[in-house]
2 protein chains.
Amino acid sequence: MGDDAALFAARKGYETILTCDWFLERTHFLRELHPADAVGWKCLARAASDIAAMGGEPRCFLLSLAVPKTHTGRWLDEFLGGLHRAARRFGCAAAGGDTTRQDRILINVTVLGEVRAGRAVLRSGARAGDLIFVSGRLGEAELGLRLLRSMAARPGNPLARKHLYPEPRLALGRWLTERRMATAMMDISDGLSTDLRRLCAASGVGARIEVGKLPVVGAESGLGARGFDALRLALDGGDDYELLFTVPPGKAGRIHDSKLPARVTCIGTITRDRKVLLIQTEGQEREIVSRGWDAFRDRY
Amino acid sequence: MGDDAALFAARKGYETILTCDWFLERTHFLRELHPADAVGWKCLARAASDIAAMGGEPRCFLLSLAVPKTHTGRWLDEFLGGLHRAARRFGCAAAGGDTTRQDRILINVTVLGEVRAGRAVLRSGARAGDLIFVSGRLGEAELGLRLLRSMAARPGNPLARKHLYPEPRLALGRWLTERRMATAMMDISDGLSTDLRRLCAASGVGARIEVGKLPVVGAESGLGARGFDALRLALDGGDDYELLFTVPPGKAGRIHDSKLPARVTCIGTITRDRKVLLIQTEGQEREIVSRGWDAFRDRY
């Protein structure tokens, strides 16, 4: 800290992973809706999730921050509080950054991580016959955001927390990588419909997802009565930061037998045919269209 | 490229250097004044200069870019043209990034570099008696900017080029590091008056700079007639991206005897007394006050 750049000694036998992420007022958050400490937590969690998606461990981060003069006091203190809580949680040390002034809040986070040499899991390794898994429940963060916006939930609500303080699946990513279980992996940041298509495109394959297997948000939240569609939330909701990964059928048994660091669900299979299909309960098929988050279209 | 993060294998016996830099419309450049390809060149050159200042070699970079819809066509092509020209020149490969939309142009560049383990030169190593050197001529970039703004120069003018297309002193930084010549080093990005005070503060020392030794912009540009003050430009002008470094007196002879990759000038000495002083031609002393670029105060 305080020098022109940060120094980092890579561990022997490890490769370095590098990722960066925008977190911009109005595009990715609203200063009226998102508490400052959630902005601090989430900007690092998003980037750390990219490290989890490669099977790596975050080691250090750089923060580029631009703030208005009005936000250099209490807002900044709370922002740094959330950021440092996340840094401790993810084992990721502050290594430097760049600060400037703008009339809106601009954040860019770079995370440097490590993965054992040759073990990183890319998006491009899925093969026909592989089983498709996701961690957690899909659509929770999107639902949390909608509840926050409609004032139906406070920041402490579990669904709201999933949107405000996401937990990147670092332990699961490492577990899968250490055992060479996953052929392809990525995090679901923009919604399953968008991210699954990306994984399939990178691997040159297709997928069949069974609607009945999707881990959707449950009825306990009284969704139906509020007019929320749990399937749409699971397919198109953004910000879940769950892992999407593929496992060869011969290894899938080990996943079901094991004590995993997170709940995972098999939702379908990879196909040679490049279509990405949703299989309805009655067996009808329909194409899954990318309807997740799109930074060139969506904003708050 | 195309995965959640970039992978990088560190060379044996090297440490990784990491730096990031904002380059924001209105704070750091103006879309009317700065050609798109200069914006592309300079955003990478600025970050690569931080690697030069540690004595390292840039290896790869991440680009975080936010652009208005109106700038996704020709502007973006020219921007990427300048960026890739710089990347080839600095030996720095594109390794990924993040793209989004905003109504103004926001750029953040992360550069990952390498330096032989234990050889990185910090700001904090200057000791009393060390000689102070700078590369190049100071104030050229600031003068180039002023000429551009007053329409007195076109982008091809050598002074304008120094502002628009800075060349980080990578070869000089490496030369000094390989020979263990420098005790402290940083790049002059905000102006000598600001950056020298930072180096002295980090090292817990002071400095005596001799006004007659400063490599100022020469009379050939007809400055006096235009009302420019060459000394002020040299002390407070930003964006030069020259190197400021200190050398123990016993090693300074090797600098004068050598074929260096860039012209360097000895401008003074480090003192135990923490004052940072300018010594006038007649011997009077005055404190050097930080009057360089300040992102929390200055804008175009």
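Please read these numbers as outputs of a predicted model, since none were measured by experiment. (Residues numbered from 1 in each chain as written. Chains lettered and ligands numbered in written order. Predicted model: local features only at pLDDT ≥ 70, side-chain atom pairs only at ≥ 80, totals over all residues.)

Some remarks on the pairing of strand 6 (residues 131-135) of chain A
Consecutive side chains along a regular strand alternate between the two faces of the sheet. All names here are of chain A. Definition in use: Residues are called buried when their C-beta atom has 20 or more other C-beta atoms within 10 Å, exposed when it has 12 or fewer, and partly exposed otherwise; all C-beta atoms are positioned from the backbone. Secondary structure follows DSSP: runs of H or I at least 4 residues long count as helices, runs of E at least 2 residues long count as strands, and numbering of each begins at the N terminus. Pairing between two strands is assigned when DSSP locates at least 2 bridges connecting them.
Of all 5 residues in strand 6, 4 are buried, a share of seventy percent or more. Both strand 6 and strand 9 (residues 242-247) contribute to a ladder of 4 bridges, which runs antiparallel. Its bridge partner lying in strand 9, Val134 is registered against Leu244. Sheet topology places strand 6 next to strand 10 (residues 264-271); 5 bridges connect them, and they run antiparallel. The residue of strand 10 that forms the bridge with Phe133 is Cys266.

What to know about the domain arrangement of chain A
Residue and element names in this part refer to chain A. Where we set the bar: Domain start and stop points were drawn from an automatic or database domain assignment. This entry defines residue contacts through backbone-placed C-beta atoms, with two residues in contact when those atoms are within 7 Å. Under this grouping Gly is polar, as are all residues other than the nonpolar Ala, Val, Leu, Ile, Met, Phe, Trp, Tyr, Cys and Pro and the charged Asp, Glu, Lys and Arg.
Taken domain by domain, chain A comprises domain 1 (14-116) and domain 2 (123-287). One C-alpha centre belongs to domain 1, the other to domain 2, and the line joining them spans 24 Å. At the interface, 17 residues of domain 1 touch 19 residues of domain 2. Ranked by the residues each element gives to the side of domain 1 that touches domain 2, the list is headed by helix 1 (residues 36-52), at 9 residues. For the side of domain 1 that touches domain 2, the residue count by class is 10 nonpolar, 3 polar and 4 charged.

Quick notes on the relation of the copies chain A and chain B
Selection rule: Copies overlap after least-squares fitting; the atoms used are the C-alpha atoms of residues with pLDDT of at least 70 in both.
The operation relating chain A to chain B is a screw motion whose rotation component is 180°, with 0.0 Å of axial translation and a residual RMSD of 0.0 Å. Put plainly, the chains are arranged around a two-fold axis. The fraction of interface residues of chain A whose copies in chain B are also interface residues reaches 100%, indicating that both copies meet through the same surface.

A few points about the sheet that holds strand 10 (residues 264-271) of chain B
Residue and element names in this part refer to chain B. Which entries qualify depends on this criterion: Convention adopted: a line fitted to C-alpha atoms gives each axis, helices being fitted over their contacting stretch, and angles between N-to-C directions are expressed from 0 to 180 degrees.
Read from one edge of the open sheet, 7 strands run 7-9-6-10-8-11-12, paired in mixed fashion. Of all strands in the sheet, those with a lone pairing partner are strand 7 (184-188) and strand 12 (285-287), marking the two edges. Here the strands of the sheet are splayed against their neighbours by 25° on average, with no regard to which way each runs. Of the pairings in the sheet, the one linking strand 8 (residues 206-210) to strand 11 (residues 276-279) comprises 4 bridges and is parallel in character. Looking across to strand 11, one finds that Glu210 is bridged to Ile279.

Let's talk about unusual backbone geometry
Residues and elements named next belong to chain B. Of note in the backbone geometry, Arg26 takes a positive phi value of approximately 80° without being a glycine. Relative to the elements of secondary structure, Arg26 occurs in the loop between strand 2 (14-24) and helix 1 (36-52). Judged by C-beta crowding, with 13 C-beta atoms within 10 Å, Arg26 ranks as partly exposed. A positive phi is found at Met151, a non-glycine position, where the angle reads about 65°. With respect to the helices and strands, Met151 occurs in the loop between helix 3 (140-149) and helix 4 (158-164). Met151 gets classed as exposed once you count the C-beta atoms within 10 Å, which come to 7.

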